[in-house]
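Structural overview
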Amino acid sequence: MEATGTDEVEKIKSKFMSAWNNMKYSWVLKTKTYFSRNSPVFLLGKCYHFKSDESGELSTEGSNFDKINTEISGNVEEFRKDFISRIWLTYREEFPQIKGSALTTDCGWGCTLRTGQMLLAQGLMLHFLGRAWVWPDALDIENSDSESWTAHTVKKLTASFEASLTAEREPKILSNHQERTLRRNCGDNEMRNEIYHRKIISWFGDSPLAAFGLHQLIEYGKKSGKIAGDWYGPAVVAHILRKAVEEARDPELQGVTVYVAQDCTVYSSDVIDRQCSFMDSGKTDTKAVIILVPVRLGGERTNMDYLEFVKGILSLEYCVGIIGGKPKQSYYFAGFQDDSLIYMDPHYCQSFVDVSIKDFPLESFHCPSPKKMSFKKMDPSCTIGFYCRTVQDFEKASEEITKMLKSSSKEKYPLFTFVKGHSRDYDFASSPLREENDLFSEDEKKRLKRFSTEEFVLL
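Presented here is a report on the structure given in the accompanying data block. In this text the structure is predicted, and so the values were computed from the model without any measurement.

Considerations on the packing of aromatic side chains
- Applying the stated criterion to the full structure yields 20 aromatic pairs.
- When the ring of Tyr-48 is compared with that of Phe-79, the centres are 5.6 Å apart and the planes differ by 70°; the resulting orientation is edge-to-face. Residue Tyr-48 is found in strand β3 (residues 46-48), and its partner Phe-79 is found in helix α2 (residues 70-85); the two are separated by 31 residues along the sequence. This pair shows no difference in class: Tyr-48 is buried, exactly as Phe-79 is.
- Cluster of aromatic residues (ring-pair linked, three or more members): Phe-309, Tyr-318, Phe-386, Phe-394, Phe-416 and Phe-418.

As structure tokens, then:
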């Protein structure tokens with residue numbers, strides 16, 4: 001009877017905290033974000049220009065968007081479509097109770113797990129859909145602000161832009177056979193892409209069975225001493241994501257692996273070994289790898305000397321973003337303009353969506369508007385992510401990033417390094433003998449506990 005009473009108290013407490021955090025963070029989609037017309041905008045390796053004859057700033061939300069001339073509307077639309085197509089994972093409430101707790105929401109404590117999910121989701125999108133993919137319905141999402149940048153405005157500007165282009169060139173006429181073939185191929189590709197789009201989101205559903213859902217991530221976190229309701233740092237989340245991908249049983253995920261750098265070092269042979277490991281299907285084929293590098297961009301505050309390097313990293317198409325934030329808040333950084341980082345904010349409490357049902361609604365998994373933050377406000381602890389489809393891609397990426405690291409180090413130690421050989425060659429190897437049920441080695445547990453105490457607290 002006493003236990004039942006305690007459970008009820010915990011449930012009431014959980015609901016109160018959910019309501020409080022929802023009120024506390026409900027403003028995040030209301031604030032306007034301004035972009036300069038005179039500087040390029042980078043989003044996960046893609047560059048967009050909003051340049052026009054007029055000077056000043058462009059708001060991605062608000063009525064002044066109507067004033068943008070049609071010459072740049074195409075690029076603004078493409079940027080927004082690209083941004084909205086990224087998968088947005090936020091606080092949720094009223095999901096199935098987390099095992100070992102009375103919690104049915106992650107409001108107030110799960111933001112780093114959410115930003116980690118967003119980074120992994122981007123890696124899976126590159127793997128299954130490619131960087132050029134955009135969600136066809138992206139511009140149909142209405143912002144929560146009634147005066148926001150609406151799909152109607154964008155479509156109106158785009159129609160005007162396309163009409164002006166059509167008047168300047170001869171129309172290209174396709175034969176009936178070409179038109180039918182094109183329509184059939186487009187239809188097949190779109191259907192395939194939509195299936196993967198939904199499948200990727202379903203892997204992050206808030207239910208115990210979802211491979212990368214909050215419930216599973218918390219289970220893996222228990223191996224490093226974490227429980228539901230605790231705060232997680234970017235490095236701990238990197239190791240949790242690796243374990244989640246290793247343990248995933250969906251056949252579609254057998255072609256992907258995750259490698260986490262050890263002490264700011266990427267051991268090339270260890271990465272290649274992971275890529276060349278046997279797949280569960282019995283085939284010897286290379287796996288794609290998502291490389292996660294936990295780093296510190298300074299001491300107590302972020303060192304501005306690292307700004308150019310971070311911008312360089314976010315300019316790479318195989319970058320899958322950065323798990324970071326500012327003190328007490330975690331954000332998913334996906335791009336930049338000038339000295340400001342573009343991010344998606346998980347601090348918005350939304351209702352639970354059952355992703356197991358057919359045609360579940362997708363709108364709440366896509367962010368309607370980008371946010372910006374000055375680089376100098378960024379907390380130094382973060383985890384950088386890259387995706388490499390093949391061994392050749394990894395070798396090319398390691399060369400490119402190494403050059404970038406050297407040019408940005410200014411005769412200091414680089415932020416992290418790529419080293420030839422295995423970690424065991426440098427006496428950093430974990431014991432190969434592990435018990436079947438022990439997901440983390442003793443060495444990993446020590447490292448994770450060290451990360452837990454050294455990193456900033458995220459709410």
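Things to note about the side chain of Gln-337
- Its place among the elements puts Gln-337 in strand β10 (residues 329-337).
- Of note is the side chain of Gln-337, whose polar atom sits 2.8 Å from the backbone oxygen of Ser-39.
- Ignoring any residue separated from it by four or fewer positions in sequence, one finds Gln-337 in contact with Phe-35, Ser-36, Ser-39, Pro-40, Val-41, Ile-342 and Lys-372.

Some details on the packing of helix α3 (residues 111-128) against helix α6 (residues 214-221)
- At a minimum axis separation of 11 Å, α3 and α6 run at an interaxial angle of 110°. The orientation of α3 with respect to α6, classified from their angle, is roughly perpendicular. For the element pair α3 and α6, the recorded crossing hand is right-handed. Residues Leu-113, Arg-114 and Gln-117 of α3 pack against Leu-214, Leu-217 and Ile-218 of α6.
- Residues belonging to the contact of α3 with α6 are distributed by class as follows: four nonpolar, one polar and one charged.

As for α3
- The terminal C-alpha atoms of α3 lie 25 Å apart, and with 18 residues this matches the ideal 26 Å at 1.5 Å per residue to within 8%.
- Buried residues dominate α3, accounting for 18 of its 18 residues.

Brief notes about α6
- In terms of burial, α6 is a largely internal element, six of the eight residues being buried.
- Looking at the packing, one finds that the buried side of α6 touches α3 and α7 (234-247).

Remarks on the nonpolar core
- Counting residues in hydrophobic clusters, the biggest one holds 73 residues, and the most contacted among them are Trp-109, Leu-124, Ile-200, Trp-203, Phe-204 and Phe-212.
- The greatest single-element share of this core, amounting to nine residues, is contributed by α3.
- Residue contacts for Phe-204: discarding those within four places in its chain leaves Leu-89, Gln-117, Leu-120, Ala-121, Leu-124, Ala-210, Phe-212 and Gly-213.
- The next biggest cluster of nonpolar side chains, apart from the first, holds 42 residues, and it includes Val-295, Cys-319, Leu-341 and Phe-418.

Remarks on the pattern of salt bridges
- Following the criterion strictly, the structure yields 15 salt bridges and no others.
- Salt-bridge contacts for Arg-86 lead to Asp-82; the nearest nitrogen and oxygen are separated by 2.8 Å.
- The exposure class of Arg-86 is buried, given its relative accessible area of 2%.
- Residue classification places Asp-82 among the buried positions, given a relative accessible area of 1%.
- Two residues, Lys-222 and Glu-219, come together in a salt bridge whose shortest N-O distance is 2.8 Å.
- One connected set of salt bridges, linked through shared partners, spans Arg-242, Lys-243, Glu-246 and Arg-274.

Concerning the pairing of strand β8 (residues 288-296)
- The buried fraction of β8 is high, at eight of nine residues.
- When strand β6 (residues 256-260) meets β8, the two strands line up parallel, connected through five bridges. Looking at β8, one finds that Val-256 is bridged to Ala-288.
- Summarising the sheet, β8 and strand β14 (residues 381-388) pair through eight bridges and their orientation is antiparallel.

Section: the side chain of Lys-226
- The topology assignment puts Lys-226 in the loop between α6 and α7.
- At 5.2 Å, Asp-230 is the nearest oppositely charged side chain to Lys-226, a buried residue that forms no salt bridge.
- A distance of 2.7 Å separates the side chain of Lys-226 from the backbone oxygen of Trp-231, its partner in a polar contact.

Conventions we followed
Residues numbered from 1 in each chain as written. Predicted model: local features only at pLDDT ≥ 70, side-chain atom pairs only at ≥ 80, totals over all residues. Heavy atoms only, no water. Phe/Tyr/Trp six-rings, centres within 6.5 Å; stacked < 30°, edge-to-face > 60°. Helix = DSSP H or I, 4+ residues; strand = E, 2+ residues; numbered from the N terminus. Buried < 20%, exposed > 50% of the residue type's maximum accessible area, 1.4 Å probe, protein only. Polar contact = N/O pair within 3.5 Å; in protein donor to acceptor, adjacent residues only side chain to side chain. Contact = heavy atoms within 4.5 Å. Axes fitted to C-alpha atoms, helices over the stretch in contact; angles between N-to-C directions. Parallel < 35°, antiparallel > 145°, perpendicular 65-115°, else oblique. Left-handed = near helix turned anticlockwise from the far one by under 90°. Nonpolar A, V, L, I, M, F, W, Y, C, P; charged D, E, K, R; others polar. Expected span 1.5 Å × (residues − 1). Core = buried A, V, L, I, M, F, W, Y, C linked by side-chain atoms within 4.5 Å. Salt bridge = Lys/Arg side-chain N within 4 Å of Asp/Glu carboxyl O. Pairing = 2+ DSSP bridges. Lys, Arg positive; Asp, Glu negative; His and termini not counted.

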